[in-house]
Amino acid sequence: MTKLLGFPEEVNDTSARIVAAGAVSLAVLYAATGWGWVLIPLTYGFIARVASGPRFSPLGLIATKVVTPRLTKINHRILPGPPKRFAQGIGAIFSATASVLFLLELNTASRLVAAALAGPALLEAAFGYCVGCKMFNLLMRAGIIPESVCVECSDISARLARQSPTA
């Protein structure tokens, strides 16, 4: 069961950025139109990715199994999984909040929450800047998240050595 619901220890940055682009698209579509049905795949996707990475997320599967493998001319960076899971959790909170507000017929508030979700997702998609990952790292430095959650995050030198080309 743990393997079925576990999050990957490592995440391909290209795939993460593709997923973020999909989240931006859905969040902006909902914020612009108010079409409540858009919140279903948006919220489900975040919850599925928190629970199991891309395994049960249609957007995650498209990114990891279809799009990323075809991008052969890109140098794919591999990043630690725990900060990405944390970021997906924040997305789940925002999308679930937008969904609850929609169900409560607080449509303007719901659309604003979706628009707020689109901002950090756009930073990830366009620039590879993960706001949730930065928050995760700050919480680690503050001692709120123990280093044991992401040993690789606390030892960046090991990750850099693994990613740099050998001569």
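Residues numbered from 1 in each chain as written. Predicted model: local features only at pLDDT ≥ 70, side-chain atom pairs only at ≥ 80, totals over all residues. Heavy atoms only, no water.

Visitor: Please clarify how the environment of Leu101 should be interpreted in this entry.
Guide: Note that Leu101 resides in helix α5 (residues 81-103). Considered as a pair, Leu101 and Arg111 are ten residues apart in the sequence and their alpha carbons are 8.8 Å apart. Residue contacts for Leu101: discarding those within four places in its chain leaves Leu106, Asn107, Ala109, Ser110 and Val113. (Helix = DSSP H or I, 4+ residues; strand = E, 2+ residues; numbered from the N terminus. Contact = heavy atoms within 4.5 Å.)

Visitor: Honestly, the environment of Val149 in this entry has me stumped. Any pointers?
Guide: Inspection of the secondary structure puts Val149 in the loop between α7 (131-141) and α8 (151-154). For the pair Val149 and Pro83, spaced 66 residues apart in sequence, the C-alpha to C-alpha distance is 9.4 Å. Setting aside residues no more than four positions away along its own chain, Val149 makes contact with Pro82 and Phe136.

Visitor: Would you mind showing me how to read the packing of aromatic side chains here?
Guide: Aromatic ring pairs are reported here in terms of the distance separating the ring centres and the angle at which the planes meet. Evaluated as defined, the whole model comprises three aromatic pairs. Looking at Arg49, its charged tip hangs above the ring of Phe46, at a distance of 4.8 Å from the centre. (Phe/Tyr/Trp six-rings, centres within 6.5 Å; stacked < 30°, edge-to-face > 60°. Lys NZ or Arg CZ within 6 Å of the ring centre and 35° of its normal.)

Visitor: What exactly am I supposed to notice about the nonpolar core here?
Guide: Generally speaking, a soluble globular protein has its nonpolar side chains buried in company with each other. One finds Ala23, Ala27, Tyr30, Leu39, Leu42, Phe46 and Leu117 to be the most contacted residues of the largest nonpolar core, which totals 16 residues. Sorting the residues of this core by element identifies α2 (13-33), α3 (39-52), α5 and α6 (107-127) as the ones contributing at least two each. The element that contributes the greatest number of residues to this core is α6, accounting for five residues. In this structure, Phe136, Met140, Cys150 and Cys153 belong to the second largest nonpolar core, which totals five residues. (Core = buried A, V, L, I, M, F, W, Y, C linked by side-chain atoms within 4.5 Å. Buried < 20%, exposed > 50% of the residue type's maximum accessible area, 1.4 Å probe, protein only.)

Honestly, that's just the spatial picture; any functional story needs more than this.
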